[in-house]
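Spelled out, the chains give:
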Amino acid sequence: MFDIEAYQRRARSGPCFICAFLAGHPDYNHHVVYEDNATIAFLNRWPTLRGYTLVCPKRHLEDWLRLPPADYLAVQSVVHRVAVAIAEVVPTERMYSLSLGSHQGNAHLHWHLAPLPPGVPYDQQQYHALMAENGVLPVDDADQSTLAAQIRAVVPGRTG
């Protein structure tokens, strides 16, 4: 069961979850859907939508406004390619893409890719569909591993 208060405490007082994941910390394991020298994309551990993925620069950055335009466009190219792959694997009416986080918690720059499935009532779309406070999906490790492999296999322009 997802504990929103524990999650918020960990986000605000724990280590950077992306840097901890990249360092191999076992408490911060995620299922990778894409990786290159500068960027990594992985399934959200607490998804509100099936296929919900985070795309991040590997280098700890906290503000995309300070990225040189070429670096920003490189990350956005990965965001687009991963979103296309997610939509190929998961039925998607609309792909949400947001850069969330703050200096108070989850500060490492990352983009959320959240595929809204067809048929979700309007009042349960948009921010409502993204908020863990409205519930997270009951996913297990094996299902997430399979889904990550399916997405990884269809990322356009992948090299591995």
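Residues numbered from 1 in each chain as written. Predicted model: local features only at pLDDT ≥ 70, side-chain atom pairs only at ≥ 80, totals over all residues. Heavy atoms only, no water.

Quick look at the confidence of the model for the protein now. Mean pLDDT over the protein works out to 93, with 98% of the residues at or above the 70 mark. Here helix α1 (residues 4–13) is the element of the protein with the lowest mean pLDDT, 80, and strand β5 (residues 111–116) is the one with the highest, 98. (pLDDT = per-residue confidence, 0-100. Helix = DSSP H or I, 4+ residues; strand = E, 2+ residues; numbered from the N terminus.)

Let us now look at the packing of helix α3 (residues 69–89) against helix α5 (residues 141–154). Between α3 and α5, the least distance of the axes is 8 Å, while the angle of their chain directions is 120°. If you check the angle between α3 and α5, you find them oblique. The handedness of the crossing between α3 and α5 comes out as right-handed. In contact with A85, I86, E88 and V89 of α3, α5 contributes L147, Q150, I151 and V154. Taken together, the residues of the contact of α3 with α5 sort by class into six nonpolar, one polar and one charged. (Axes fitted to C-alpha atoms, helices over the stretch in contact; angles between N-to-C directions. Parallel < 35°, antiparallel > 145°, perpendicular 65-115°, else oblique. Left-handed = near helix turned anticlockwise from the far one by under 90°. Contact = heavy atoms within 4.5 Å. Nonpolar A, V, L, I, M, F, W, Y, C, P; charged D, E, K, R; others polar.)

Strand order in the open sheet made by the five strands is β1-β2-β3-β5-β4, with antiparallel pairing throughout. Both edges of this open sheet fall to β1 (32–35) and β4 (94–99), since each of them pairs with a single strand only. Geometrically, the sheet is characterised by an average inter-axis angle of 15° between neighbouring strands, direction not taken into account. Across three bridges, strand β3 (residues 53–57) lies against β5 in antiparallel orientation. Within β5, the position partnered with L54 by the bridge is H112. Sitting on the sheet, α5 is in contact with β1 and β2 (39–43), with an inclination near 35° to β1. (Pairing = 2+ DSSP bridges.)

Before going further, it helps to examine the pattern of salt bridges. Under the counting rule described, the total for this entry stands at two salt bridges. We note a salt bridge from E35 to K58, for which the minimum N-O separation is 2.7 Å. Here K58 lies in the loop between β3 and α3 and E35 lies in strand β1, a separation of 23 residues in the sequence. Its relative accessible area of 23% is what places K58 among the partly exposed residues. (Salt bridge = Lys/Arg side-chain N within 4 Å of Asp/Glu carboxyl O. Buried < 20%, exposed > 50% of the residue type's maximum accessible area, 1.4 Å probe, protein only.)

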